[in-house]
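Below are the chains, spelled out letter by letter.
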Amino acid sequence: MEAEHYMKQPVLVVFIWAFASFLAMAFASLQLDAAMINGQFIPFGNDSFYHARRILDAVGERGFYQFDSMIHLPEGSWISWSWGYDYVLAIALKAALWINPGLDKMKFLVYVPVFWVPVNVALLLAVGRTMKLPLELLAFSALAMALLPLLQMLHVVGRIDHHFMELTFVLLASWRTVRWFDRQSVVNAAACGIALGLAPAAHHALFILQLPLVVAVGVLWFRSVAPMSNQLRAAGLALFVTSILVILPSEPFRDGQFSLGTLSGFHLYAAFASALILYFLSWRGVSRKQVALLCGLVVLLALPVLSQIVLGSQFLSGALFQANSILEVASPFAMIAGDWGLTATLGFYSGLLLFAPFVLLAFLWRLVRGTDAAESAFGVFAVFGLGLLLMQFRLNYFGLAFMILGPLVLLKGISDRRNWSRPLVALAVAATLAAALQPGLAGGLFTRYHAGGDHFYEVAAPLFADLDRECRQRPATVIVSHQLGHYVRFHSDCPVIANNFLLTEQHFEKAGQVAAKFDESPRSFRATLNEPVYLLAFLWGALDIQGGLVEIENVESIQMRNPRLLVELFFGDPLPDGYEIINNVSIEVSEGRGFPVARLYKVQPLP
């Protein structure tokens, strides 16, 4: 009977995968209206607009590029994102166009994240099966993933941003590591190294996934139960060779750069360092001398990249960003304590967020006391992922899977030791998940989003068609706040000075340059120009998150929230010399009366 049960289990797992994937795809498709405007498909989310632009350019006449001369004028700048993600999507789009030449390119792109859902659900189940979760707990994990608003936001239609692919590599890396530790062989070790080597092709920051592998091996080495030496060397060699193959096509690497902010020599060095540590751990067993040598090796390897380590710590802490109010930088606890509150925050994360700190501490304790290799590897990834999830909203994909699987793995361990009844355990899990997922089911999954996922974009959208027309007739630089830079580049062939890239010193410098221009008077603004420009002006603080006017009767309050140039252009009369209004967007206040919130100007330099 037991053999028959195990023969049936793969079939049931496939059924669970198919059902959960279908459910998650259905929820991800609910926001179709936000990925369309005026009957045209558009990206969802600020960075998705730039991804879409680069992919469409790669398919078109401009071709694929890793340096963009149309942003951060006049120098242009390297694109921080790795080459792999956008390049592979461009190849996929070319293949689809070869099959169907009349295909709507944006329709193809906006549905990519939706149709990738089954891959991430399958990887979650693969991790759960490797951790030997019983069938009912596997089913609960897949169902929880399907009903998690965070997963919907990663895979929502139009979300061409790379974060859903980062979730893929987090799951892939953790699965291959746990599987290697569970079924130790050279093949599994090499597969783990290859997975980690491929990850930075999706995003340069994913080199950090090498850290939990090295820590997990180190933990087992201290216990004298590390995998065999040939396996450690196979993993290190596979990681380093794959990293070389991934990094060679990167133009910043060929340009001689050594930076955390681009896929460069830094990432090859990181792979080398990880491989070297694995080789060291394969050399001899643990002893006081070997521990001292290991500590010395780690310090020596860290010295050449100390400045980059500081930069990375600033990124993780949020200190790198100029505005602490940026949602992506906020921790979930800051969201709860701030404007979002408990209900809205749990509407994204679900009630599982409340268990996450305790799950993290439990796995830390098990790392100290446990002996099982696979559980140790899973524990390191869980601590790593949940730690990042609790640090910043934007890093949720590192811990999303462990927020679901972590409690189930802990529960299975306790249940096995105490011989609890499986039906009673399943009933308790079902009741707990129902309560934990309720905030998302009550609102998070059914939230209505603005076009493009941004109320600023939805309001200013009518101006982009005019900007596109003007740029085709008379190309010129567009002066626009960095928050709207990606939108301008997606909709027009005009360059911008700043955009939503905020990582390097140059990025912040350009955002500051634009902010300084908006602080000038209309005449002094013209005095800085050498040629005509387009000015896309948006009144900040005039709209609430739903796109409605706030404090319309208190115009002075709105004026106080905006820089001098915008105040004089929107509230001054008459229009200053040298400024021509191309189009105007107003919000209706009363019948026949509108309040202007966005304008597109053409501005001439002083004679």
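Residues numbered from 1 in each chain as written. Predicted model: local features only at pLDDT ≥ 70, side-chain atom pairs only at ≥ 80, totals over all residues. Heavy atoms only, no water.

A. Structural context of the nonpolar core. Core analysis: the biggest nonpolar cluster contains 202 residues, and Leu209, Phe378, Phe398, Val478 and Leu535 have the highest contact counts within it. Ranked by residues supplied to this core, first place goes to helix 19 (residues 373-391) with 13 residues. In this structure, Trp83, Ala201, Val246 and Leu263 belong to the second largest nonpolar core, which totals six residues. (Core = buried A, V, L, I, M, F, W, Y, C linked by side-chain atoms within 4.5 Å. Buried < 20%, exposed > 50% of the residue type's maximum accessible area, 1.4 Å probe, protein only. Helix = DSSP H or I, 4+ residues; strand = E, 2+ residues; numbered from the N terminus.)

B. Structural view of the packing of helix 10 (residues 210-222) against helix 19. For the pair helix 10 and helix 19, the least separation of the axes is 9 Å and the interaxial angle reads 140°. One finds that helix 10 runs oblique with respect to helix 19. Here helix 10 runs over helix 19; the crossing is right-handed. Contact residues: helix 10 offers Pro212, Leu213, Val215, Ala216 and Leu220, while helix 19 offers Ala373, Ser376, Ala377, Val380, Phe381 and Phe384. Looking at side-chain class alone, the contact of helix 10 with helix 19 contains 10 nonpolar, one polar and no charged residues. (Axes fitted to C-alpha atoms, helices over the stretch in contact; angles between N-to-C directions. Parallel < 35°, antiparallel > 145°, perpendicular 65-115°, else oblique. Left-handed = near helix turned anticlockwise from the far one by under 90°. Contact = heavy atoms within 4.5 Å. Nonpolar A, V, L, I, M, F, W, Y, C, P; charged D, E, K, R; others polar.)

C. Layout of helix 8 (residues 163-182). Taking 1.5 Å of rise per residue, the 20 residues of helix 8 would be expected to cover 28 Å, and the 28 Å separating its terminal C-alpha atoms lies within 8% of that figure. Of all 20 residues making up helix 8, 17 are buried, and the element is well covered by its neighbours. (Expected span 1.5 Å × (residues − 1).)

D. Inspection of the state of the cysteines at higher detail. Applying the stated rule across the entire model yields one disulfide. Cysteine 471 shares a disulfide with cysteine 494; S-S distance 1.9 Å. A torsion of -120° about the S-S bond marks the disulfide between cysteine 471 and cysteine 494 as left-handed. Here cysteine 471 is found in helix 22 (residues 455-473), whereas its partner cysteine 494 is found in the loop between helix 23 (485-491) and helix 24 (505-518), with 23 residues between them in sequence. For cysteine 494, a relative accessible area of 0% corresponds to the buried category. (Disulfide = S-S within 2.5 Å.)

The quantities given are spatial measurements derived from coordinates; they are silent on function.
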